[in-house]
Amino acid sequence: MAKSSGGFIRLQDLAERGFDPLDFRYFCYTAHYRKQLDFSWEALEAAKVARRRLVERFRELPEDGAPAAAAPLEEFRSRLADDLDMPGATAAVWKAAADKSAGTKAFLAAAESVLALGLGQAEPAAELPAAVAADFESYKAARAKKDFAASDALRKKLAESGYKVLDSKEGSRVQRA
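Residues numbered from 1 in each chain as written. Predicted model: local features only at pLDDT ≥ 70, side-chain atom pairs only at ≥ 80, totals over all residues. Heavy atoms only, no water.

This part takes up the nonpolar core. Counting 26 residues, the largest nonpolar core has Phe76, Val93, Phe107, Leu108, Leu115 and Leu117 as the members making the most contacts within it. Among the elements that take part in this core, helix 3 (residues 41–60) stands out by supplying 6 residues, more than any other. When sequence neighbours within four positions are dropped, the list of residues in contact with leucine 108 reads Phe58, Leu61, Val93, Ala97 and Leu119. Counting residues in hydrophobic clusters, the runner-up holds 8 residues, among them Val132, Tyr163, Val165 and Val174. (Core = buried A, V, L, I, M, F, W, Y, C linked by side-chain atoms within 4.5 Å. Buried < 20%, exposed > 50% of the residue type's maximum accessible area, 1.4 Å probe, protein only. Helix = DSSP H or I, 4+ residues; strand = E, 2+ residues; numbered from the N terminus. Contact = heavy atoms within 4.5 Å.)

Listed below in structure tokens is the structure:
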């Protein structure tokens, strides 16, 4: 990147476009350090989505108390030892995250100590716009009354506003789509 040609991107530029610095870190892991990394905003957006999905997968996994799964941990370490093959190490993380067997969360926590992608960080409390917050409260009230037609309509309205509703045993929450 050359600043004189306008190809220089700062962290502030990323933040202004809605990217977390960890999204850029994930993006960097998609190429081997010996290869040229071709930057594009589309590729960075894909990295943002992938990192967000990995964070969500980590949050969904139960705390089973099992030690880190041995096979994924060995594959992860092997990839790192192979000339710091970060794309391969990241692929090993995704392979284990899809498996969801005992010890997966412990493995992901061990991988996080190397990757530092914010898997275990608390979700930042973003200020919802007033209209979105009101629609979400109406959504929760409709679900509590078991008025699923109204709740589905509100879910769709929230989606059109750029927000996704996530329902779980612990309750409902809304986040940026």
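One water molecule sets the probe size; rolling that probe over the atoms shows where empty space is left. Each pocket or cavity is described by its volume, and for the second largest pocket that value is around 340 Å³. Around the second largest pocket, the lining residues are Glu56, Arg59, Glu60, Leu166, Asp167, Ser168, Lys169, Glu170, Gly171, Ser172 and Arg173. When residues of the lining of the second largest pocket are traced back to their parent elements, those giving at least two are helix 3, strand 1 (163–168) and strand 2 (171–176). Here the residues of the lining of the second largest pocket are counted per class, giving 1 nonpolar, 3 polar and 7 charged. (1 Å grid on protein atoms, 1.4 Å probe; cavity = no way out; pocket = protein on both sides within 12 Å on 5 of 7 lines; lining within 4 Å. Points joined across faces, edges and corners; volume = space filled by probe spheres on them. Nonpolar A, V, L, I, M, F, W, Y, C, P; charged D, E, K, R; others polar.)

This part takes up the pattern of salt bridges. Counted under the stated rule, the structure contains 11 salt bridges. Among the salt bridges present, the one from arginine 51 reaches aspartate 23, with a minimum N-O distance of 2.7 Å. On the criterion of sequence distance, the pair formed by arginine 51 in helix 3 and aspartate 23 in helix 2 (residues 21–28) is long-range, its members being 28 residues apart. Just as arginine 51 is buried, aspartate 23 falls in that class too. For lysine 95, the salt bridge identified is with glutamate 75, shortest N-O distance 3.7 Å. Here the residue lysine 95 occupies a position in helix 5 (residues 86–99), and glutamate 75 occupies one in helix 4 (residues 70–81), the gap between them amounting to 20 residues. One network of salt bridges, with partners in common, ties together Arg143, Arg155 and Asp167. (Salt bridge = Lys/Arg side-chain N within 4 Å of Asp/Glu carboxyl O.)

In this section: the packing of helix 2 against helix 3. It is at 8 Å that the axes of helix 2 and helix 3 come closest, and there the two elements cross at 105°. As judged from the angle between their axes, helix 2 and helix 3 are roughly perpendicular. Counted together, Leu22, Asp23, Phe24, Tyr26 and Phe27 of helix 2 and Ala43, Leu44, Ala47, Lys48, Ala50 and Arg51 of helix 3 form the full contact between these two elements. Its residues assigned to classes, the contact of helix 2 with helix 3 shows 8 nonpolar, no polar and 3 charged. (Axes fitted to C-alpha atoms, helices over the stretch in contact; angles between N-to-C directions. Parallel < 35°, antiparallel > 145°, perpendicular 65-115°, else oblique.)

Our focus in this paragraph is the pairing of strand 1. When strand 1 meets strand 2, the two strands line up antiparallel, connected through 6 bridges. Across the sheet, leucine 166 pairs through a bridge with arginine 173, a residue of strand 2. In sequence, strand 1 turns back onto strand 2 through a hairpin of 2 residues. (Pairing = 2+ DSSP bridges.)

What is shown is where atoms sit, not what they do.
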